[in-house]
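Listed here are the chains, written in short residue letters.
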Amino acid sequence: MAEPRSPLGKAFVAGDHGNHAAGIGVTLRERKNLSIIQITAWADSIPAVLTAIGSATGLVLQNKPGLGRVAGEKSVFGFAPGRYFVVSATPDLETRLRSAISAELGTMVDLTHGRTVIRIGGPRSEWVISKLFAIDFSEHAFPVAYGRATLHHDIHTNIQRIDDETFDLYVFRTFARSFWLTLGHAAEEVGYRVE
Amino acid sequence: MIIRCPYCGPRDVIEFTYQGDATRRRPDPASSDQDAWNSYIYDRTNPGGSHREFWLHGGGCRQHLVITRDMTTHAISSVAFARSIVAGESS
Ligand SMILES: [Zn+2]
């Protein structure tokens, strides 16, 4: 199978950058070879869709705003009423979800080729992404595994918190290189590593 | 101005779009009462105090909201999903 090309291109430069003499504030990397599926439940079938997502992925969710779960490369999170991102490195994710979610329960859109996932981790990650997004990244307001839909410079982004200092940023693939450069500028003052 | 979305929580107003007066009532579609239609489309009371209005959280959960806002102070006293109000779940 052909190796998918990263939209980051030459903007992806592995190594240490910015003010790293005093330490590495954040680490940036691109998560590759994922399947990214958006699922929307009809208003009266949200519990049934959550059960179906659970049976297809092993990640069971309750119906609560923004709630999500992470298990290794697999993750799921809500970002609007009845709307979920389901993400996995498993190539048959879409097939599994399609057999679990009928048209009576909801709809599915495969966003795999439309989004790039950038993972930012490290002690200064909250500080750096707070420069781009006007939401509260502190852990009491944005707990581990929860998801968000928000904007940077009027452009839509989905965010999931992976652990206390790590976030996955889902940005439009055609905008990913520009976003990556912006993120690098935002991280310069704390020193950042690209890997 | 911060709007407390029922799904997303407190968000800056930049994520929202104003969608107009939520107190209007559309005349019966079969009606040919010109004054009623004219009033529905053009007349706004523009009160100095509390006002019910539609907003769209386009920069977040993309839900339509009904917000009660004080037009003088911008203080927001209630926010709810428009669809739950239409369904009669809250007012
Ligand atoms: Zn919202």
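Let me begin by describing the structure that accompanies this report. None of these values were measured; they are calculated from a predicted model.

### Comments concerning the side chain of glutamine 38 of chain A
All names here are of chain A. In this fold, glutamine 38 is placed in strand 3 (residues 35-41). Given a relative accessible area of 12%, glutamine 38 falls into the buried group. Non-local contacts of glutamine 38, meaning those with residues more than four positions away in its chain, are made with Phe79, Arg83, Tyr84, Phe85, Thr107, Met108, Val109 and Leu111.

### Points about the sheet that holds strand 3 (residues 17-21) of chain B
All names here are of chain B. Overall, antiparallel pairing links the four strands, which are arranged 3-4-5-6 in an open sheet. Edge positions in the open sheet fall to strand 3 and strand 6 (76-81), since each of these has one partner strand only. Adjacent strand axes in the sheet meet at a mean angle of 30° when their direction is disregarded. Inspection of the sheet shows strand 5 (residues 64-70) paired to strand 6 by five bridges, in the antiparallel sense. What sits directly across from valine 66, in strand 6, is alanine 80.

### Let's talk about the coordination of the zinc ion
Those donors, Cys5 of chain B (SG), Cys8 of chain B (SG), His57 of chain B (ND1) and Cys61 of chain B (SG), are the protein atoms that reach the zinc ion, and they lie 2.0 to 2.5 Å from it. In this structure, the zinc ion is surrounded by four donor atoms whose angles at the metal cover 104 to 119°, and the resulting shape is tetrahedral.

### Topic: the packing of helix 1 (residues 46-57) of chain A against helix 2 (residues 93-100) of chain A
All names here are of chain A. Close contact between helix 1 and helix 2 brings their axes to 9 Å; oriented N to C, the two are set at 140°. Put simply, helix 1 runs oblique to helix 2. Helix 2 is crossed by helix 1, and the crossing has right-handed handedness. Every residue of helix 2 that contacts helix 1 at Ala52, Ile53, Ser55, Ala56 and Thr57 is listed here: Leu93, Arg96, Leu97 and Ala100. Among the residues forming the contact of helix 1 with helix 2, the class breakdown is six nonpolar, two polar and one charged.

### Quick notes on the pattern of salt bridges
Residues and elements named next belong to chain A. Within this structure, the stated rule accounts for ten salt bridges over all chains. The partner of arginine 119 in a salt bridge is aspartate 168, and the shortest N-O contact between them spans 2.7 Å. Taken together, the residues arginine 119 in strand 8 (residues 115-121) and aspartate 168 in strand 11 (residues 166-172) connect sequence positions 49 residues apart. The same class applies to arginine 119 and to aspartate 168, which are both buried. A salt bridge links glutamate 189 to lysine 131, with the shortest nitrogen-to-oxygen separation between them at 2.9 Å. In this pair, glutamate 189 is assigned in the loop between helix 4 (176-187) and strand 12 (192-194) and lysine 131 in the loop between helix 3 (125-129) and strand 9 (147-152), connecting sequence segments 58 residues apart. Accessibility expressed as a relative area gives 42% for glutamate 189, which makes it partly exposed. By relative accessible area, which is 39% here, lysine 131 ends up partly exposed. Residues joined by salt bridges that share partners form a network here, namely Arg31, Glu73, Arg119 and Asp168.

Reading the values: the criteria
- Starting afresh in each chain, residues are numbered from 1 along the sequence in its written order.
- All chains are assigned letters beginning with A, and all ligands numbers beginning with 1, in the order in which they are written.
- In view of the model being predicted, local features appear only for residues whose pLDDT reaches at least 70, and side-chain atom pairs are presented and counted only at 80 or more, with totals across whole chains, interfaces and linings using the full set of residues.
- Derived side-chain values reflect all non-hydrogen atoms in the structure, with water molecules and hydrogen atoms excluded from consideration.
- Think of it this way: any DSSP run of H or I at least four residues long counts as a helix, any run of E at least two long counts as a strand, and we number them from the N terminus.
- Accessibility here uses a 1.4 Å probe with only protein chains present; expressed as a share of the type maximum, an area under 20% marks a residue as buried, one over 50% as exposed, and anything in between as partly exposed.
- Here a residue-residue contact requires only that any non-hydrogen atoms of the pair lie within 4.5 Å.
- What makes two strands pair is DSSP finding at least two bridges between them.
- Convention adopted: a line fitted to C-alpha atoms gives each axis, helices being fitted over their contacting stretch, and angles between N-to-C directions are expressed from 0 to 180 degrees.
- The rule for donors is simple: N, O or S, within 2.8 Å of the metal, or within 3.2 Å if the metal is Na, K or Ca. Water isn't counted, so a site may look like it is missing partners.
- Angular criteria define each label, namely tetrahedral for four donors with all angles between 85 and 135 degrees, square planar for four and octahedral for six donors with opposite donors over 155 degrees apart and remaining angles between 65 and 115, and irregular for whatever fails these tests.
- If an angle is under 35 degrees, it is roughly parallel; if it is over 145, roughly antiparallel; if it lies from 65 to 115, roughly perpendicular; otherwise it is oblique.
- It is the rotation of the near helix from the far one that decides the hand of a crossing: anticlockwise by less than a right angle makes it left-handed, clockwise makes it right-handed.
- Residues are grouped as follows: Ala, Val, Leu, Ile, Met, Phe, Trp, Tyr, Cys and Pro are nonpolar; Asp, Glu, Lys and Arg are charged; every other residue, Gly included, is polar.
- The salt bridge criterion pairs a side-chain nitrogen of Lys or Arg with a carboxyl oxygen of Asp or Glu, the two atoms within 4 Å.

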